[in-house]
Amino acid sequence: MQHHVIVKFNETVKDKNALADEIGKLFKKMEGTVPGVHSVNPHKNCIDMSNRYDLMIIVDMDKDALDAYSNSPIHDNWIKNYPQYLESKVIMDYED
């Protein structure tokens, strides 16, 4: 399963690139530590326009690994420490 987290930063974020790197590194820690998570690939937006989202994280995982992912300390860190930087967030899961 592919799990996508797509975020748009709010106006309080002065350095979108630095924050995107920080969040990407946080999510990358799931590789090898969360059972069923195979890879994590952060992608920063290359066009800074008001109608664009800033960061997309693609997590390749087993479908039944979603609970382990959602209950991991890394995901808890994400949920507790980053919402104040987000204007909006989109989550999408799909299978090929």
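Below or above, wherever it landed, is the structure these notes cover.

So, how was this worked out
Residues numbered from 1 in each chain as written. Predicted model: local features only at pLDDT ≥ 70, side-chain atom pairs only at ≥ 80, totals over all residues. Heavy atoms only, no water. Helix = DSSP H or I, 4+ residues; strand = E, 2+ residues; numbered from the N terminus. Rg over C-alpha atoms; globule rule 2.2 N^0.38 Å. Buried < 20%, exposed > 50% of the residue type's maximum accessible area, 1.4 Å probe, protein only. Salt bridge = Lys/Arg side-chain N within 4 Å of Asp/Glu carboxyl O.

## Describing the overall build of the protein chain
At step 1: Counting its secondary structure elements, the protein chain contains 3 helices and 4 strands.
At step 2: Helices (α) and strands (β) of the protein chain occur, in sequence order from the N terminus, as β-α-β-β-α-α-β.
At step 3: Its C-alpha radius of gyration of 13 Å places the protein chain within 12% of the 12 Å reference for a compact globule of 96 residues.
At step 4: In terms of overall dimensions, the protein chain has C-alpha extents of about 35 × 30 × 15 Å along its principal axes.

## Side note on the environment of Asp-21
At step 1: Along the chain, Asp-21 turns up in helix α1 (residues 16–28).
At step 2: With 34 residues separating them in the primary sequence, Asp-21 and Leu-55 have C-alpha atoms 9.3 Å apart.

## Brief notes about the side chain of His-4
At step 1: Topologically, His-4 is positioned in strand β1 (residues 2–9).
At step 2: The class for His-4 is buried, based on a relative accessible area of 10%.

## Considerations on the pattern of salt bridges
At step 1: Tallying each qualifying case throughout the model produces 5 salt bridges.
At step 2: One salt bridge in this structure joins Lys-16 and Asp-48, with 3.2 Å as the shortest N-O distance. With Lys-16 in helix α1 and Asp-48 in the loop between β2 (37–44) and β3 (55–61), this pair connects stretches of sequence that are 32 residues apart.
At step 3: Looking at Lys-16, the relative accessible area reads 28%, which means it is partly exposed.
At step 4: Asp-48 sits in the exposed class, given a relative accessible area of 64%.
At step 5: Glu-31 is the salt-bridge partner of Lys-28, the closest N and O atoms lying 3.1 Å from each other.
At step 6: By relative accessible area, which is 34% here, Lys-28 ends up partly exposed.
At step 7: With relative accessibility at 29%, the residue Glu-31 sits in the partly exposed group.

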